[in-house]
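Chain residues, written in single-letter form:
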Amino acid sequence: MDKNISNLIEISRFYGKNKEYVIAGGGNTSFKTRDKLWVKASGFRLSDITEKGFVSLDRNILKKISKKIYCNDLQKREDEIRNDLAASKTDTSSPLRPSVEAMLHHIITNNFVVHTHSTVVNALMCSRFAKKYSNKLFGNKVLYIPYTNPGYLLYKKIEKKLKIFEEKHNVQPNIILIQNHGVFVSANTISEIKNIYEYLISRIREKISGKTDHIEYDISSEHLNLVLQSVNMIKGYRESAFKIMHNSLVEHFMKSKETFKQIADPFTPDIIVYCKSKYLYIDDEQTGADTISSRIQAFKEKVGYLPKIILIREIGCIGIESSTEKAGYIQDTFFDQMKISYYSDNFGGPHFLNKDDIKFIENWEAEHYRQNIFQDSNSNTYGDAMH
Ligand SMILES: [Zn+2]
(Lines give C-alpha, C1' and ligand atoms only; values in the text may rest on other atoms or scores of the structure.)
Protein backbone atom coordinates (compact mmCIF):
# COMPACT_ATOMS: atom_id res chain seq x y z
CA MET A 1 0.00 0.00 0.00
CA ASP A 2 1.15 3.54 -0.68
CA LYS A 3 2.77 4.98 2.47
CA ASN A 4 0.54 8.07 2.26
CA ILE A 5 -2.61 5.96 2.25
CA SER A 6 -1.43 3.89 5.21
CA ASN A 7 -0.70 7.18 7.02
CA LEU A 8 -4.19 8.38 6.14
CA ILE A 9 -5.66 5.19 7.61
CA GLU A 10 -3.51 5.54 10.72
CA ILE A 11 -4.52 9.14 11.42
CA SER A 12 -8.20 8.39 10.65
CA ARG A 13 -8.32 5.53 13.16
CA PHE A 14 -6.34 7.52 15.73
CA TYR A 15 -9.05 10.20 15.95
CA GLY A 16 -11.90 7.89 14.93
CA LYS A 17 -11.38 5.67 17.99
CA ASN A 18 -11.45 8.58 20.41
CA LYS A 19 -14.97 9.69 21.41
CA GLU A 20 -13.60 13.09 22.41
CA TYR A 21 -13.11 13.70 18.66
CA VAL A 22 -15.42 11.44 16.69
CA ILE A 23 -18.70 9.77 17.59
CA ALA A 24 -20.28 7.12 15.35
CA GLY A 25 -19.97 8.20 11.71
CA GLY A 26 -19.01 11.84 12.43
CA GLY A 27 -15.92 13.50 10.96
CA ASN A 28 -13.92 12.80 7.81
CA THR A 29 -10.35 12.70 6.58
CA SER A 30 -8.45 12.96 3.31
CA PHE A 31 -5.09 12.87 1.58
CA LYS A 32 -4.30 14.59 -1.71
CA THR A 33 -1.66 14.82 -4.41
CA ARG A 34 -1.70 17.47 -7.12
CA ASP A 35 -4.20 15.49 -9.22
CA LYS A 36 -5.98 13.17 -6.84
CA LEU A 37 -7.95 13.36 -3.61
CA TRP A 38 -8.66 10.33 -1.38
CA VAL A 39 -11.53 11.22 0.93
CA LYS A 40 -13.60 9.14 3.33
CA ALA A 41 -16.70 7.87 1.53
CA SER A 42 -20.19 8.33 3.02
CA GLY A 43 -21.30 5.49 5.28
CA PHE A 44 -17.92 4.53 6.75
CA ARG A 45 -16.67 5.05 10.28
CA LEU A 46 -13.20 6.44 10.85
CA SER A 47 -12.54 4.14 13.83
CA ASP A 48 -12.06 0.98 11.77
CA ILE A 49 -11.64 2.38 8.27
CA THR A 50 -9.52 0.56 5.67
CA GLU A 51 -8.35 1.52 2.19
CA LYS A 52 -11.78 0.48 0.90
CA GLY A 53 -13.46 3.27 2.89
CA PHE A 54 -11.78 6.01 0.84
CA VAL A 55 -12.99 7.16 -2.53
CA SER A 56 -10.47 8.71 -4.92
CA LEU A 57 -11.47 11.76 -6.92
CA ASP A 58 -9.94 13.53 -9.91
CA ARG A 59 -8.99 17.02 -8.69
CA ASN A 60 -9.13 18.48 -12.20
CA ILE A 61 -12.85 17.69 -12.25
CA LEU A 62 -13.24 19.09 -8.70
CA LYS A 63 -11.71 22.34 -9.96
CA LYS A 64 -14.53 22.56 -12.49
CA ILE A 65 -17.13 21.99 -9.77
CA SER A 66 -15.61 24.85 -7.82
CA LYS A 67 -16.04 27.20 -10.81
CA LYS A 68 -19.49 26.03 -11.86
CA ILE A 69 -22.58 28.10 -11.03
CA TYR A 70 -25.27 25.88 -9.59
CA CYS A 71 -29.03 26.20 -9.46
CA ASN A 72 -30.46 28.17 -6.50
CA ASP A 73 -33.06 25.53 -5.73
CA LEU A 74 -31.69 23.53 -2.80
CA GLN A 75 -32.98 20.14 -3.90
CA LYS A 76 -31.90 20.51 -7.53
CA ARG A 77 -28.51 21.88 -6.53
CA GLU A 78 -27.77 19.01 -4.16
CA ASP A 79 -28.68 16.53 -6.92
CA GLU A 80 -26.48 18.30 -9.48
CA ILE A 81 -23.50 18.37 -7.13
CA ARG A 82 -23.98 14.76 -6.14
CA ASN A 83 -23.89 13.79 -9.82
CA ASP A 84 -20.85 15.95 -10.54
CA LEU A 85 -19.00 14.49 -7.55
CA ALA A 86 -19.89 10.96 -8.66
CA ALA A 87 -18.49 11.79 -12.11
CA SER A 88 -15.22 12.95 -10.51
CA LYS A 89 -14.47 9.47 -9.12
CA THR A 90 -11.33 8.04 -10.69
CA ASP A 91 -13.19 4.73 -10.81
CA THR A 92 -16.72 5.66 -11.85
CA SER A 93 -17.88 2.06 -11.47
CA SER A 94 -17.14 2.19 -7.71
CA PRO A 95 -20.30 2.26 -5.54
CA LEU A 96 -18.65 4.60 -3.00
CA ARG A 97 -20.25 8.00 -2.43
CA PRO A 98 -18.16 11.12 -1.78
CA SER A 99 -19.97 13.63 0.42
CA VAL A 100 -20.20 17.31 -0.54
CA GLU A 101 -17.58 17.98 2.13
CA ALA A 102 -15.11 16.45 -0.35
CA MET A 103 -15.03 19.92 -1.90
CA LEU A 104 -13.80 21.40 1.39
CA HIS A 105 -10.99 18.88 1.47
CA HIS A 106 -10.13 19.75 -2.12
CA ILE A 107 -9.78 23.52 -1.59
CA ILE A 108 -7.48 23.09 1.42
CA THR A 109 -3.96 22.93 -0.04
CA ASN A 110 -2.21 20.84 2.64
CA ASN A 111 -1.90 17.10 1.91
CA PHE A 112 -3.69 15.72 4.98
CA VAL A 113 -7.01 17.00 6.31
CA VAL A 114 -8.68 15.73 9.49
CA HIS A 115 -12.16 17.09 10.18
CA THR A 116 -13.65 16.27 13.59
CA HIS A 117 -16.40 17.42 15.93
CA SER A 118 -14.03 17.48 18.90
CA THR A 119 -15.81 17.96 22.24
CA VAL A 120 -13.33 20.52 23.55
CA VAL A 121 -13.34 22.51 20.28
CA ASN A 122 -17.13 22.45 20.27
CA ALA A 123 -17.24 23.64 23.88
CA LEU A 124 -15.81 26.84 22.41
CA MET A 125 -17.63 26.71 19.06
CA CYS A 126 -21.04 26.21 20.71
CA SER A 127 -20.57 29.03 23.21
CA ARG A 128 -21.85 32.59 23.17
CA PHE A 129 -18.38 34.08 22.77
CA ALA A 130 -17.04 31.61 20.21
CA LYS A 131 -15.68 34.26 17.89
CA LYS A 132 -14.20 36.48 20.58
CA TYR A 133 -12.31 33.62 22.24
CA SER A 134 -11.11 32.16 18.91
CA ASN A 135 -9.54 35.50 18.26
CA LYS A 136 -8.13 35.89 21.72
CA LEU A 137 -6.68 32.37 21.91
CA PHE A 138 -5.49 31.87 18.35
CA GLY A 139 -5.42 35.18 16.49
CA ASN A 140 -4.37 34.71 12.87
CA LYS A 141 -3.53 31.05 13.36
CA VAL A 142 -7.14 30.11 12.69
CA LEU A 143 -9.92 30.97 10.30
CA TYR A 144 -13.25 31.34 12.13
CA ILE A 145 -16.42 30.59 10.18
CA PRO A 146 -19.81 31.66 11.61
CA TYR A 147 -22.44 28.90 11.50
CA THR A 148 -23.55 28.06 7.98
CA ASN A 149 -25.85 25.27 6.85
CA PRO A 150 -23.77 22.22 5.94
CA GLY A 151 -23.42 21.11 2.35
CA TYR A 152 -22.84 23.40 -0.59
CA LEU A 153 -23.38 26.67 1.29
CA LEU A 154 -20.77 25.85 3.92
CA TYR A 155 -18.31 24.81 1.25
CA LYS A 156 -18.80 28.07 -0.67
CA LYS A 157 -18.56 30.19 2.47
CA ILE A 158 -15.26 28.56 3.48
CA GLU A 159 -13.90 28.81 -0.07
CA LYS A 160 -14.57 32.56 -0.06
CA LYS A 161 -13.16 33.16 3.43
CA LEU A 162 -10.07 31.06 2.69
CA LYS A 163 -9.33 33.18 -0.33
CA ILE A 164 -9.55 36.40 1.70
CA PHE A 165 -7.34 34.89 4.42
CA GLU A 166 -4.76 33.78 1.86
CA GLU A 167 -4.66 37.18 0.19
CA LYS A 168 -4.05 38.82 3.55
CA HIS A 169 -1.55 36.37 5.04
CA ASN A 170 -0.04 34.72 1.95
CA VAL A 171 -0.74 31.32 3.43
CA GLN A 172 -3.72 29.16 4.30
CA PRO A 173 -4.48 28.57 8.01
CA ASN A 174 -3.90 25.04 9.38
CA ILE A 175 -7.03 25.37 11.46
CA ILE A 176 -10.55 26.24 10.33
CA LEU A 177 -13.04 26.57 13.19
CA ILE A 178 -16.74 26.36 12.37
CA GLN A 179 -19.30 27.70 14.83
CA ASN A 180 -21.75 25.03 16.10
CA HIS A 181 -20.05 22.38 14.03
CA GLY A 182 -16.35 21.51 14.54
CA VAL A 183 -12.89 21.94 13.08
CA PHE A 184 -10.80 21.21 9.97
CA VAL A 185 -7.11 20.68 10.71
CA SER A 186 -4.67 20.32 7.81
CA ALA A 187 -0.92 19.73 7.42
CA ASN A 188 1.54 17.98 5.17
CA THR A 189 2.36 15.16 7.58
CA ILE A 190 0.30 13.23 10.08
CA SER A 191 2.64 14.07 12.94
CA GLU A 192 2.04 17.75 12.25
CA ILE A 193 -1.71 17.07 12.33
CA LYS A 194 -1.33 15.57 15.81
CA ASN A 195 0.79 18.50 16.99
CA ILE A 196 -1.73 21.04 15.73
CA TYR A 197 -4.62 19.21 17.40
CA GLU A 198 -2.65 19.03 20.65
CA TYR A 199 -1.95 22.75 20.52
CA LEU A 200 -5.58 23.55 19.72
CA ILE A 201 -7.06 21.35 22.45
CA SER A 202 -4.57 22.38 25.14
CA ARG A 203 -5.11 26.10 24.46
CA ILE A 204 -8.86 25.71 24.87
CA ARG A 205 -8.50 23.37 27.87
CA GLU A 206 -6.40 25.97 29.69
CA LYS A 207 -9.50 28.15 29.76
CA ILE A 208 -11.80 25.40 31.00
CA SER A 209 -12.07 25.54 34.75
CA GLY A 210 -14.05 23.38 37.12
CA LYS A 211 -14.40 19.64 37.12
CA THR A 212 -14.09 18.00 33.72
CA ASP A 213 -14.47 14.42 34.91
CA HIS A 214 -17.61 12.72 36.16
CA ILE A 215 -18.59 9.83 38.41
CA GLU A 216 -20.57 6.91 37.01
CA TYR A 217 -23.60 5.76 39.01
CA ASP A 218 -25.01 2.25 39.13
CA ILE A 219 -28.38 1.61 37.53
CA SER A 220 -30.60 -0.44 39.84
CA SER A 221 -32.55 -3.39 38.46
CA GLU A 222 -35.68 -1.70 39.80
CA HIS A 223 -35.06 1.35 37.58
CA LEU A 224 -34.13 -0.83 34.62
CA ASN A 225 -37.41 -2.74 34.94
CA LEU A 226 -39.37 0.46 35.30
CA VAL A 227 -37.94 1.84 32.05
CA LEU A 228 -38.47 -1.50 30.29
CA GLN A 229 -42.08 -1.58 31.45
CA SER A 230 -42.72 2.02 30.34
CA VAL A 231 -41.10 1.55 26.92
CA ASN A 232 -43.06 -1.65 26.34
CA MET A 233 -46.30 0.27 26.84
CA ILE A 234 -45.52 2.42 23.77
CA LYS A 235 -46.47 0.85 20.48
CA GLY A 236 -43.87 2.73 18.40
CA TYR A 237 -41.04 1.46 20.60
CA ARG A 238 -41.80 -2.25 20.20
CA GLU A 239 -38.86 -3.00 17.91
CA SER A 240 -36.48 -0.74 19.80
CA ALA A 241 -33.57 -1.17 22.17
CA PHE A 242 -32.64 1.24 24.93
CA LYS A 243 -29.65 2.09 27.08
CA ILE A 244 -29.55 4.01 30.34
CA MET A 245 -26.65 6.09 31.58
CA HIS A 246 -26.46 7.79 34.93
CA ASN A 247 -23.55 9.81 36.18
CA SER A 248 -22.75 13.08 37.91
CA LEU A 249 -23.00 15.12 34.69
CA VAL A 250 -26.41 13.67 33.80
CA GLU A 251 -27.49 14.43 37.36
CA HIS A 252 -26.21 18.00 37.02
CA PHE A 253 -28.53 18.70 34.06
CA MET A 254 -31.51 16.79 35.51
CA LYS A 255 -31.66 18.88 38.67
CA SER A 256 -34.45 21.15 37.47
CA LYS A 257 -36.23 22.53 34.43
CA GLU A 258 -33.71 25.37 34.48
CA THR A 259 -30.66 23.11 34.32
CA PHE A 260 -32.32 20.98 31.64
CA LYS A 261 -32.68 24.15 29.51
CA GLN A 262 -28.88 24.16 29.16
CA ILE A 263 -29.10 20.99 27.02
CA ALA A 264 -32.66 21.25 25.71
CA ASP A 265 -31.80 22.37 22.15
CA PRO A 266 -29.28 20.92 19.69
CA PHE A 267 -25.78 22.39 19.44
CA THR A 268 -24.74 20.86 16.12
CA PRO A 269 -26.23 19.24 13.01
CA ASP A 270 -24.95 15.84 14.21
CA ILE A 271 -27.01 16.04 17.38
CA ILE A 272 -30.13 16.51 15.25
CA VAL A 273 -29.25 13.69 12.89
CA TYR A 274 -28.69 11.20 15.70
CA CYS A 275 -30.91 12.37 18.57
CA LYS A 276 -33.40 14.68 16.78
CA SER A 277 -33.97 18.21 18.02
CA LYS A 278 -36.26 17.75 21.05
CA TYR A 279 -35.62 15.70 24.17
CA LEU A 280 -38.00 14.62 26.91
CA TYR A 281 -37.34 15.60 30.50
CA ILE A 282 -39.41 13.97 33.24
CA ASP A 283 -39.09 15.42 36.73
CA ASP A 284 -42.25 14.16 38.42
CA GLU A 285 -41.85 13.33 42.10
CA GLN A 286 -43.46 9.93 41.71
CA THR A 287 -42.49 8.20 38.51
CA GLY A 288 -44.28 4.94 37.77
CA ALA A 289 -44.50 3.22 34.38
CA ASP A 290 -47.89 4.87 33.76
CA THR A 291 -46.56 8.38 34.34
CA ILE A 292 -43.51 7.79 32.16
CA SER A 293 -45.44 6.29 29.27
CA SER A 294 -48.08 9.01 29.34
CA ARG A 295 -45.34 11.68 29.28
CA ILE A 296 -43.82 9.94 26.26
CA GLN A 297 -47.19 9.88 24.50
CA ALA A 298 -47.79 13.55 25.27
CA PHE A 299 -44.35 14.38 23.87
CA LYS A 300 -45.19 12.51 20.68
CA GLU A 301 -48.48 14.36 20.28
CA LYS A 302 -46.79 17.70 20.75
CA VAL A 303 -43.60 17.17 18.75
CA GLY A 304 -44.68 14.62 16.15
CA TYR A 305 -42.29 11.78 16.96
CA LEU A 306 -41.31 9.53 19.85
CA PRO A 307 -38.32 10.86 21.81
CA LYS A 308 -34.95 9.19 21.25
CA ILE A 309 -33.52 10.80 24.37
CA ILE A 310 -35.43 10.74 27.67
CA LEU A 311 -34.09 12.11 30.93
CA ILE A 312 -35.87 10.89 34.03
CA ARG A 313 -34.86 12.51 37.28
CA GLU A 314 -33.07 10.10 39.65
CA ILE A 315 -33.12 7.34 37.01
CA GLY A 316 -30.84 8.64 34.25
CA CYS A 317 -30.59 9.46 30.58
CA ILE A 318 -32.16 6.91 28.25
CA GLY A 319 -31.29 6.53 24.58
CA ILE A 320 -33.80 4.60 22.43
CA GLU A 321 -33.03 3.31 18.94
CA SER A 322 -33.60 0.30 16.71
CA SER A 323 -30.63 -1.66 18.10
CA THR A 324 -28.46 -1.63 21.22
CA GLU A 325 -25.49 -0.49 19.16
CA LYS A 326 -27.41 2.50 17.77
CA ALA A 327 -28.87 3.31 21.21
CA GLY A 328 -25.24 3.47 22.38
CA TYR A 329 -24.33 5.88 19.60
CA ILE A 330 -27.13 8.29 20.34
CA GLN A 331 -26.30 8.14 24.02
CA ASP A 332 -22.67 9.00 23.25
CA THR A 333 -23.86 11.88 21.08
CA PHE A 334 -26.12 13.27 23.77
CA PHE A 335 -23.47 12.84 26.45
CA ASP A 336 -21.24 14.93 24.20
CA GLN A 337 -23.98 17.56 24.09
CA MET A 338 -23.90 17.64 27.91
CA LYS A 339 -20.13 18.03 28.05
CA ILE A 340 -20.21 20.81 25.45
CA SER A 341 -22.84 22.66 27.46
CA TYR A 342 -20.97 22.19 30.74
CA TYR A 343 -17.62 23.41 29.38
CA SER A 344 -19.19 26.26 27.39
CA ASP A 345 -19.86 28.05 30.68
CA ASN A 346 -16.21 29.10 30.49
CA PHE A 347 -16.95 30.99 27.26
CA GLY A 348 -20.16 32.82 28.13
CA GLY A 349 -22.54 29.84 28.22
CA PRO A 350 -24.19 27.62 25.61
CA HIS A 351 -25.14 28.83 22.14
CA PHE A 352 -27.64 26.53 20.39
CA LEU A 353 -28.55 26.33 16.73
CA ASN A 354 -31.41 28.70 15.94
CA LYS A 355 -34.90 27.62 14.81
CA ASP A 356 -34.26 28.13 11.09
CA ASP A 357 -30.98 26.23 11.17
CA ILE A 358 -32.66 23.37 12.99
CA LYS A 359 -35.47 23.29 10.45
CA PHE A 360 -32.99 23.22 7.59
CA ILE A 361 -31.21 20.17 9.02
CA GLU A 362 -34.49 18.40 9.82
CA ASN A 363 -35.67 18.76 6.23
CA TRP A 364 -32.32 18.24 4.61
CA GLU A 365 -31.55 15.23 6.72
CA ALA A 366 -34.91 13.66 5.95
CA GLU A 367 -34.25 13.96 2.24
CA HIS A 368 -30.64 12.91 2.05
CA TYR A 369 -29.31 11.32 5.15
CA ARG A 370 -31.77 9.32 7.13
CA GLN A 371 -31.89 6.62 4.49
CA ASN A 372 -28.15 6.44 4.59
CA ILE A 373 -28.18 6.02 8.34
CA PHE A 374 -30.74 3.29 8.51
CA GLN A 375 -30.07 1.30 5.40
CA ASP A 376 -26.68 0.33 6.77
CA SER A 377 -28.08 -1.70 9.63
CA ASN A 378 -26.74 -4.97 8.21
CA SER A 379 -23.24 -3.73 7.82
CA ASN A 380 -20.83 -2.42 10.36
CA THR A 381 -21.55 1.19 9.68
CA TYR A 382 -23.94 3.56 11.34
CA GLY A 383 -24.71 6.23 8.85
CA ASP A 384 -22.53 9.23 8.85
CA ALA A 385 -24.64 12.21 9.55
CA MET A 386 -23.16 15.06 7.62
CA HIS A 387 -20.35 13.06 6.11
ZN1 LIG B 1 -18.67 17.94 10.18
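Residues numbered from 1 in each chain as written. Predicted model: local features only at pLDDT ≥ 70, side-chain atom pairs only at ≥ 80, totals over all residues. Heavy atoms only, no water.

1. Re the sheet that holds strand β9 (residues 280–282)
Now for step 1: Taken together, the four strands give an open sheet; going across it, the order is β8-β11-β10-β9, and neighbouring strands pair in mixed fashion. Taken across any chain shown, the strands that pair with only one partner, and hence form the sheet edges, are β8 (241–245) and β9. Recorded for the sheet is a direction-independent mean angle of 20° between the axes of neighbouring strands.
Now for step 2: Relative to strand β11 (residues 316–321), strand β10 (residues 309–312) runs antiparallel, the two being bridged by four bridges. (Pairing = 2+ DSSP bridges. Helix = DSSP H or I, 4+ residues; strand = E, 2+ residues; numbered from the N terminus. Axes fitted to C-alpha atoms, helices over the stretch in contact; angles between N-to-C directions.)

2. What about the packing of aromatic side chains?
Now for step 1: The tally for this structure, following the rule as stated, stands at 15 aromatic pairs.
Now for step 2: Their ring planes at 40° and their centres at 4.7 Å tell us that Tyr 15 and Tyr 197 sit as a pair that is tilted. Of the two residues, Tyr 15 is situated in helix α1 (residues 3–16) and Tyr 197 in helix α8 (residues 190–207); the sequence distance between them amounts to 182 residues.
Now for step 3: According to the relative accessible area criterion, Tyr 197 is buried, its value standing at 1%.
Now for step 4: Seen from their ring centres, Tyr 21 and Tyr 197 are 5.5 Å apart, and the 85° between their planes marks the pair as edge-to-face. Of this pair, Tyr 21 sits in the loop between α1 and β1 (28–32) while Tyr 197 sits in helix α8; the two residues are 176 residues apart in sequence, bridging distant segments of the chain. Each of the two residues, Tyr 21 as well as Tyr 197, counts as buried.
Now for step 5: An aromatic cluster of three or more residues is present, and its members are Phe 14, Tyr 15, Tyr 21 and Tyr 197.
Now for step 6: The aromatic ring of Tyr 305 is capped on one face by Lys 276, whose charged end is 4.5 Å from the ring centroid. (Phe/Tyr/Trp six-rings, centres within 6.5 Å; stacked < 30°, edge-to-face > 60°. Buried < 20%, exposed > 50% of the residue type's maximum accessible area, 1.4 Å probe, protein only. Lys NZ or Arg CZ within 6 Å of the ring centre and 35° of its normal.)

3. Focus on the domain arrangement of the protein chain
Now for step 1: According to the domain assignment, the protein chain consists of domain 1 (3–207) and domain 2 (221–353).
Now for step 2: Tallying the contact residues gives 24 residues for domain 1 and 22 residues for domain 2.
Now for step 3: When the two sides are added together, the surface that domain 1 and domain 2 hide from each other amounts to roughly 2,000 Å², 59% of it contributed by carbon and sulfur.
Now for step 4: When the area that domain 1 buries against domain 2 is broken down by residue, the three leading residues are Ile 23, Cys 126 and Asn 180, summing to 25%.
Now for step 5: Here domain 1 and domain 2 share three salt bridges between them.
Now for step 6: Ionic pairing is found between Lys 339 and Glu 20, a salt bridge with its closest N-O pair at 2.9 Å. (Domains from an automatic or database assignment. Contact = heavy atoms within 4.5 Å. Buried area = accessible area lost by both parts, 1.4 Å probe. Salt bridge = Lys/Arg side-chain N within 4 Å of Asp/Glu carboxyl O.)

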